[in-house]
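Understanding the architecture of this molecule
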Number of protein chains: 2
Amino acid sequence: MTRDVILCECYARDGLQHEARFIDTSVKADLIQRFAALGFERIEATSYSNPAVVPQFADASELLATLPRREGVWYKATCANVRAVERALADLDAGHGANEISLLVSASESHSQRNLKRTREEQWRNVAAMAERAHGRFRMVGTISVAFGCPFEGRVDEATVVDDARRFAELGVDAVTLGDTTGMAAPQAVQGLFRVLLRECPQLALVAHFHDTRGTGLVNYVAALEAGVRYFDSAFGGVGGHPDKVKYGGGHTGNVATEDLVSLFESMGVRTGLDLQQLLEVSRLCQQALGRELHSRVAASGLNPLALRP
Amino acid sequence: MTRDVILCECYARDGLQHEARFIDTSVKADLIQRFAALGFERIEATSYSNPAVVPQFADASELLATLPRREGVWYKATCANVRAVERALADLDAGHGANEISLLVSASESHSQRNLKRTREEQWRNVAAMAERAHGRFRMVGTISVAFGCPFEGRVDEATVVDDARRFAELGVDAVTLGDTTGMAAPQAVQGLFRVLLRECPQLALVAHFHDTRGTGLVNYVAALEAGVRYFDSAFGGVGGHPDKVKYGGGHTGNVATEDLVSLFESMGVRTGLDLQQLLEVSRLCQQALGRELHSRVAASGLNPLALRP
């Protein structure tokens, strides 16, 4: 299907990461296959986390083993250390598993230490070791969190983020994601930073990942689109985000709702390549899996009728 | 205070219009005075509706009588017919009352007949009679609803909206508001229509009034700002909208949350002229008055820290 943008559906990983109740593997697997059937090219499937720390992803290998390979679909798994990459490689060698992995750094020292439990330099050494091990086997995505502002340090220097992106490129990653982890981005900053990166790192696919902490997710996605970005992350129902209000900036910290992003883009004439007829049915199942009302306005109100016109 | 944009706080009228429980006059009066103290130049205070039809505004005159005149603050009342204008004039002659009134048309025939119970031409005759009676006594605002799309007819012709704005101008109104009543606007349509009106009707103040039915309110406010619009409507907590899901497009139909709009604009360096220190305290009181959690993300998450920097 012809598409102008490539969305990555983050429900199953970023969305569920801090979900207290374990979601059955079969439920996750069903939803992920529905995401693929809707037309998502990129799907965050799981994380090779330590099961003792993140029990939600204790089923990572089991889940990935159930997912049939689909032409043109990338299943992404998050990897926190070399041990995680080894697990991803073992699954890949077994003929299933993720074909895309993501490696994470924080743009601020304080956020790195609190969120990753490592200094930035320690984390860069960790990422370099992971990238070396993974190179050539997976599509690699480097993610830079708090790229547009840090809840502890405030403003983040644009040059730091550009340096981080270059460093990822030197490690052989294929794409770099800029994360607005606690919703501090403003549209000018989004355009400024992405325009610099599009110019300075033309070899990288650039991905926008905004959280809707302050309701600005769609504003910033439009700003990124105008700057030339074509890869966008979102999650059905706007799920996700860190539940610790004190440490992570508080309040609603979830992703931008896929339903709302798709409705907006399609109403702008930006083709997402997704099956709009089935979108809200999948939205309903995502809500049902968590057993509570989620945060999508479009799930409650329906797609913009003007998005459905030819 | 220096400001780049002029926000109108719509909580007390558009916000409460369909609220089932009557909010005490003293509570409304207290909130409206707090809005003025925060720095709002324009405040939707009430509606001279038929109390039998809209009991929430049965206290219109009583409420307005409690509001002290403040230099540079406009209290707006909605008027549906000449009888309502007569009531507004009687209050004004008594030394209190609204100093701004709004007159409403729908850009689509179907919406006019369902929402206003009159054909468009009948409503224009009604509006002309109101404007004639009110002229010179009030600042008059003409509002065009479903200006960016109608839930019954779909796309609305730009030329219809431009004609309506000209017609309002001929009747002597000072400002024209374009309403995105059920959240169907896309940013290009917003920019296109406002740019035409700014060029064609330079004598009019142009106001953007977007509902957040599909989460696109802030996107469209940024689009309007970029087009040159300087007047924006919002309501604390994103309250408001029509509760009839079947007839009016359904789901969440409220206003854009003032808290979220202010946080976004200030983070963009767009000065709202409002007291940011007190904003969330007033937000809390607006929520308390309705006794339920409202729809502002910023009320839950706090202002963007980057909005608070010098």
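Since the structure is predicted, the reported quantities are computational estimates derived from the model, not experimental observations.

What follows deals with the interface of chain B and chain A. Across the contact, 37 residues belong to chain B and 37 residues belong to chain A. Of the roughly 3000 Å² buried between chain B and chain A on both sides combined, carbon and sulfur atoms contribute 55%. Looking at the side of chain B facing chain A, the largest losses of area belong to Arg214(B), Arg297(B) and Leu306(B), adding up to 25% of the total buried there. On the surface where chain B and chain A come into contact, there are two salt bridges. Among the ionic pairs, Arg297(B) bridges to Asp212(A), the shortest N-O distance being 2.6 Å. At the surface where chain B touches chain A, the tally comes to 16 residue pairs in polar contact (both at pLDDT 80 or more).

This paragraph deals with helix α11 (residues 258–267) of chain A. The buried fraction of α11(A) amounts to ten of the ten residues, a majority that puts the element mostly inside the structure. Among the residues making up α11(A), those that are buried are Thr258(A), Glu259(A), Asp260(A), Leu261(A), Val262(A), Ser263(A), Leu264(A), Phe265(A), Glu266(A) and Ser267(A).

Let us now look at the sheet that holds strand β4 (residues 100–106) of chain A. Residues and elements named next belong to chain A. Pairing in this closed barrel of eight strands is parallel, and the strands run β1-β2-β3-β4-β5-β6-β7-β8 around the ring. Adjacent strand axes in the sheet meet at a mean angle of 25°, parallel and antiparallel pairs treated alike. Pairing analysis gives two bridges linking strand β7 (residues 205–210) to strand β8 (residues 231–234), with the strands arranged parallel. Note that in β8 the partner of Val 207 across the bridge is Tyr 231. Sitting on the sheet, helix α6 (residues 120–134) is in contact with β4 and β5 (139–145), with an inclination near 165° to β4.

Here the focus is the sheet that holds strand β1 (residues 6–9) of chain B. Residues and elements named next belong to chain B. Sheet architecture is closed into a barrel: eight strands sit in the order β1-β2-β3-β4-β5-β6-β7-β8, paired in parallel fashion. Going from strand to strand, the sheet's axes swing by 25° on average, the running direction of each strand aside. As judged from the seven bridges shared by strand β4 (residues 100–106) and strand β5 (residues 139–145), these two strands associate in the parallel manner. Among the inter-strand pairings, Ser 106 is bridged to a residue of β5, identified as Ser 145. Across the sheet, helix α6 (residues 120–134) lies against β4 and β5, angled at about 165° from β4, the strand it touches most. Sheet contacts for helix α8 (residues 187–200): β6 (175–180) and β7 (205–210); angle to β7, the most-contacted strand, approximately 160°.

Once that is clear, we can look at the nonpolar core. Among the nonpolar cores identified, the biggest contains 204 residues, and Tyr11(A), Phe194(A), Phe232(A), Tyr11(B), Phe194(B) and Phe232(B) are the most heavily contacted of them. Setting aside anything within four residues of it in sequence, one finds Phe194(B) in contact with Phe148(B), Leu178(B), Leu206(B), Val207(B), Ala208(B), Phe210(B), Ala224(B), Ala227(B) and Val229(B).

Now for the pattern of salt bridges. Residue and element names in this part refer to chain B. Across all of its chains, the model carries 38 salt bridges over all chains by this definition. With its nearest N and O atoms 2.8 Å apart, the salt bridge here joins Glu 86 to Arg 133. Taken together, the positions of Glu 86 in helix α4 (residues 82–93) and Arg 133 in helix α6 put the pair 47 residues apart, joining distant regions of the chain. Residue classification places Glu 86 among the partly exposed residues on the basis of a relative accessible area of 33%. For Arg 133, a relative accessible area of 39% gives the class partly exposed. A salt bridge links Glu 200 to Arg 166; the nearest nitrogen and oxygen atoms lie 2.9 Å apart.

What follows is about the pairing of β7(B). Residue and element names in this part refer to chain B. With six of its six residues buried, β7 lies for the most part within the structure. Residues Ala 205, Val 207 and His 209 of β7 are buried on one face, and the alternating residues Leu 206, Ala 208 and Phe 210, pointing to the opposite face, are buried as well. Here β6 runs beside β7; their pairing, made up of six bridges, is parallel. Paired with Val 176 across the bridge in β7 is Leu 206. Since β6 and β7 lie parallel, the crossover through α8 that links them has a hand, and here it is right-handed. Running through helix α9 (residues 217–227), the crossover from β7 to the neighbouring parallel element strand β8 (residues 231–234) is right-handed.

Taken as a whole, this structure holds 20 aromatic pairs over all chains when the rule is applied. For the pair Phe148(A) and Phe210(A), a centre-to-centre distance of 5.5 Å together with 50° between the ring planes defines the contact as tilted. Remark: Phe210(A) occurs in strand β7 and Phe148(A) occurs in the loop between β5 and α7 (158–170); sequence separation between them is 62 residues. Phe210(A) gets classed as buried once you look at its relative accessible area, which sits at 0%. Ring centres of Tyr11(B) and Phe35(B) lie 6.1 Å apart, and the angle between their planes is 70°; on these two criteria the pair is classed as edge-to-face. Here Phe35(B) lies in helix α2 (residues 25–38) and Tyr11(B) lies in helix α1 (residues 11–15), a separation of 24 residues in the sequence. Grouping residues by exposure puts Tyr11(B) and Phe35(B) together as buried. Grouping aromatic residues by their ring pairs yields a cluster made of Phe148(A), Phe194(A), Phe210(A), Tyr221(A), Phe232(A) and Phe265(A).

Residues and elements named next belong to chain B. Along the chain, Ser 267 turns up in helix α11 (residues 258–267). Ser 267 gets classed as buried once you look at its relative accessible area, which sits at 15%. With 41 residues separating them along the chain, Ser 267 and Leu 308 place their C-alpha atoms 7.6 Å apart. Separated by 2.8 Å, the side chain of Ser 267 and the backbone oxygen of Leu 264 make a polar contact.

The rules behind each value
Residues numbered from 1 in each chain as written. Chains lettered and ligands numbered in written order. Predicted model: local features only at pLDDT ≥ 70, side-chain atom pairs only at ≥ 80, totals over all residues. Heavy atoms only, no water. Contact = heavy atoms within 4.5 Å. Buried area = accessible area lost by both parts, 1.4 Å probe. Salt bridge = Lys/Arg side-chain N within 4 Å of Asp/Glu carboxyl O. Polar contact = N/O pair within 3.5 Å; in protein donor to acceptor, adjacent residues only side chain to side chain. Buried < 20%, exposed > 50% of the residue type's maximum accessible area, 1.4 Å probe, protein only. Helix = DSSP H or I, 4+ residues; strand = E, 2+ residues; numbered from the N terminus. Pairing = 2+ DSSP bridges. Axes fitted to C-alpha atoms, helices over the stretch in contact; angles between N-to-C directions. Core = buried A, V, L, I, M, F, W, Y, C linked by side-chain atoms within 4.5 Å. Right-handed = clockwise from strand over helix to strand, strands pointing away. Phe/Tyr/Trp six-rings, centres within 6.5 Å; stacked < 30°, edge-to-face > 60°.

Limitation: the analysis is restricted to geometry and does not speak to function.
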